[in-house]
Amino acid sequence: MNKLSIVNGSTSLGERLRRLRQVMGWSQNEVARKCGWHNNGQARISYYERGRSPSLADVEMLAQVFNVTAQSLLFGGDAQGKVQIRRLPVVAWEQLRMRQPTDKKIRKSGKVKEYLSVPSDPRYGPTVYALRVNDNKHAPAIARGDMLIVDPARLPRVGQYIVAGLNTKAAKKPALCRWNEKSQGDERLVIYGTVISKITNY
């Protein structure tokens, strides 16, 4: 995990956006998707990086995506502070049944094909991993293409989404479902993690 100083107060808002994006390793299209801007989103980011002034609502959305304050994005300087980058292993659904997929175990397996770079978040413990959604069974709350941040060490609360399977020979592959009161007494249930965050249409 690296601590990266982003930009100083002498740069423009557009330059701060560009440098933040480069530090994260994201394309303009990726930033637009994370903001939920699906129509001409890439052009929107490009305009802002080249000097066009965004609306306050867009500044707040960009600040949320980059995990910085809107004030630091607008004015830079000391208010901007520093951002920590975390690379989460993207786990395939097939890997879930082979092991409890923790960051350390997945890295050691040598089977990581993709990493997700995200701003460090105090909610993200050492065992957190990412999981890509492949269907629309839980749309519109969670849809195909969304990237889920999953914590196998987090105990679920009623109503939260979990990744789980059944500990039986005839069990299908792990799936996404909601935790409820009946789930608590099901000894066949194997929980592979609690969904703690989502990146839309990654």
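Below: a short report on this structure. Keep in mind the model is a prediction, meaning the values are calculated, not measured.

### Some words on helix α1 (residues 13-24)
In an α-helix, one turn spans 3.6 residues; hence positions three or four apart end up facing the same way.
Inference 1: The end-to-end C-alpha separation of α1 is 17 Å, in line with the 16 Å expected for 12 residues at 1.5 Å each.
Inference 2: Here α1 has its buried residues at L13, G14, R16, L17, L20, R21 and M24. Each buried residue of α1 sits inside an arc of 160° when the element is viewed along its axis, so together they form one side.
Inference 3: G25 lies just past α1 and shows a positive phi near 75°.

### Here's the deal with the nonpolar core
Inference 1: L17, V31, L62, F66 and L73 are the most contacted members of the largest nonpolar core, which has 18 residues in total.
Inference 2: Contributing elements (two or more residues each) for this core: α1, α2 (28-35), α3 (41-49) and α4 (56-66).
Inference 3: If one sorts the elements of this core by residue count, α4 sits on top with five residues.
Inference 4: The contact partners of L17, leaving out residues within four places of it in the chain, are Y48, E49, L62, F66 and L73.
Inference 5: With 14 residues, the next largest nonpolar core counts V91, L96, L131 and Y192 among its residues.

### Regarding the environment of Y192
Inference 1: Its location among the elements puts Y192 in strand β8 (residues 189-199).
Inference 2: When the C-alpha positions of Y192 and A175 are compared, they lie 9.5 Å apart, and in sequence the two are 17 residues distant.

### What to know about α4
Inference 1: Every buried residue belonging to α4 is among D58, V59, L62, A63, V65 and F66, and all of these are buried. Seen end-on, α4 carries its buried residues on one side only, within an arc spanning 160°. Looking at α4, the residues exposed on the side facing more than 90 degrees away from the buried face are L56, A57 and Q64.
Inference 2: Taken from the residues just after α4, N67 is the one with a positive phi, measuring 60°.

### Describing the pattern of salt bridges
Inference 1: Tallied over the full model, the rule gives seven salt bridges.
Inference 2: With its nearest N and O atoms 2.4 Å apart, the salt bridge here joins E15 to R18. With a gap of three residues between them, E15 and R18 both fall in helix α1, about one helical turn apart.
Inference 3: With a closest N to O distance of 2.9 Å, D58 and R44 form a salt bridge. Taken together, the residues D58 in helix α4 and R44 in helix α3 connect sequence positions 14 residues apart.
Inference 4: According to the relative accessible area criterion, D58 is buried, its value standing at 8%.
Inference 5: For R44, a relative accessible area of 27% corresponds to the partly exposed category.

Thresholds applied
- Residues numbered from 1 in each chain as written.
- Predicted model: local features only at pLDDT ≥ 70, side-chain atom pairs only at ≥ 80, totals over all residues.
- Heavy atoms only, no water.
- Helix = DSSP H or I, 4+ residues; strand = E, 2+ residues; numbered from the N terminus.
- Expected span 1.5 Å × (residues − 1).
- Buried < 20%, exposed > 50% of the residue type's maximum accessible area, 1.4 Å probe, protein only.
- Arc of directions from axis to C-beta.
- Core = buried A, V, L, I, M, F, W, Y, C linked by side-chain atoms within 4.5 Å.
- Contact = heavy atoms within 4.5 Å.
- Salt bridge = Lys/Arg side-chain N within 4 Å of Asp/Glu carboxyl O.

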